[in-house]
Amino acid sequence: MTEASRTALSILRDPSHFQWYLIPLFAFVVYVYAVEIERRNWSVVLAGLAFYGLEWLIEIGNGLVLHFTNRSALWTTPGATAFLPLVGLTIEISMMFAVAGVAFTKMLPRDRKLKILGIPNRWFFIVANSVFCVMVEVLLNRAGALVWEYPWWNFPNVLLIILIGYMPYMIVSFWVYDMPRLAPKLAVVTTLFALDLAALIVFAGWLTWI
């Protein structure tokens, strides 16, 4: 097992690392959603929640990679954090992902048929946002805050990180945003969070694999 993995496991879900800056961060997340709810922007709210629900599902999968390899997850966050719920997910990252879907969705043009540089605008922003996020991750990796162990999931081999690590978030959240009716949007979000809860109960609570 790598040193980063051992460090992450040593602080996993340890409440003694709590810091008060989490409270204003949480208040910021609440404010972002409160603004959209006040405006009745349900498509934006549910797209943001879909983005966040998928984040937890992917992070659970990342934790399972560590369990089955007994070496390392695809990404690990062993550095300073106020709380580490999963080996690759700090509470600070979690709060960032909670609002990221809202921010990315609000970039979308109202006209779904509009093209940017000859590319359908949804796909343009799916790719552009994913590349931007991976660029940020490269900087975090260089700073030692985000550890990549495997050469095929590491700089300069970032294509897989773009395709698997970020594009699914954009695809799912934009798909939910563009759904014409509220009911299917709610169904997708509910399903994602139900899967998250079930996976956490089984893999973290019962089997203690993650």
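Predicted model, so just to flag it, every value in this text is computed and none were measured.

(A) View of the pattern of salt bridges. By the definition in use, this model includes 5 salt bridges. Taking the shortest distance from any N to any O, the salt bridge between E3 and R6 comes out at 2.9 Å. On the criterion of helical spacing, the pair formed by E3 and R6 is a turn pair, its members being 3 residues apart in helix α1 (residues 3-11). Through salt bridges with shared partners, a single ionic network connects R112, R122 and D178.

(B) Local environment of a nonpolar patch on the surface. Taken together, the side chains of L117, I119, W123, V127, V131, M135 and I171 present a nonpolar region at the surface, about 660 Å² in accessible area. Looking at the nonpolar patch, the element that brings in the most residues is helix α5 (residues 121-142), giving 4 residues. With respect to the helices and strands, the residue V131 is situated in helix α5.

(C) Representation of helix α7 (residues 182-206). For α7, which comprises 25 residues, the first-to-last C-alpha distance of 35 Å matches the rise-based estimate of 36 Å (1.5 Å per residue) to within 8%. The largest bend along α7 measures about 25° and falls at L200. Count one or two residues on from α7 and you reach T208, which has phi positive near 50°.

(D) How the structure looks around unusual backbone geometry. Note that the residue after F155, namely P156, is joined by a cis bond; omega there is 10°. With respect to the helices and strands, the residue P156 is situated in the loop between β4 (147-148) and α6 (159-178). The phi angle at R13 is positive, at roughly 50°, despite the residue not being glycine. On the accessibility criterion, R13 (34% relative accessible area) is partly exposed. One non-glycine residue with positive phi stands out, namely N70, at about 55°. With respect to the element layout, N70 can be found in the loop between α3 (42-69) and β1 (75-76).

Rules used throughout
- Residues numbered from 1 in each chain as written.
- Predicted model: local features only at pLDDT ≥ 70, side-chain atom pairs only at ≥ 80, totals over all residues.
- Heavy atoms only, no water.
- Salt bridge = Lys/Arg side-chain N within 4 Å of Asp/Glu carboxyl O.
- Helix = DSSP H or I, 4+ residues; strand = E, 2+ residues; numbered from the N terminus.
- Patch = residues over 30% accessible without salt bridge, like charges linked within 9 Å, V, L, I, M, F, W, Y side chains within 5 Å.
- Areas by Shrake-Rupley, 256 points an atom, 1.4 Å probe, with all protein chains shown as cover.
- Expected span 1.5 Å × (residues − 1).
- Bend = angle between axes of the 7 residues up to and from the residue.
- Buried < 20%, exposed > 50% of the residue type's maximum accessible area, 1.4 Å probe, protein only.

Interpretation in functional terms is not warranted from these geometric data alone.
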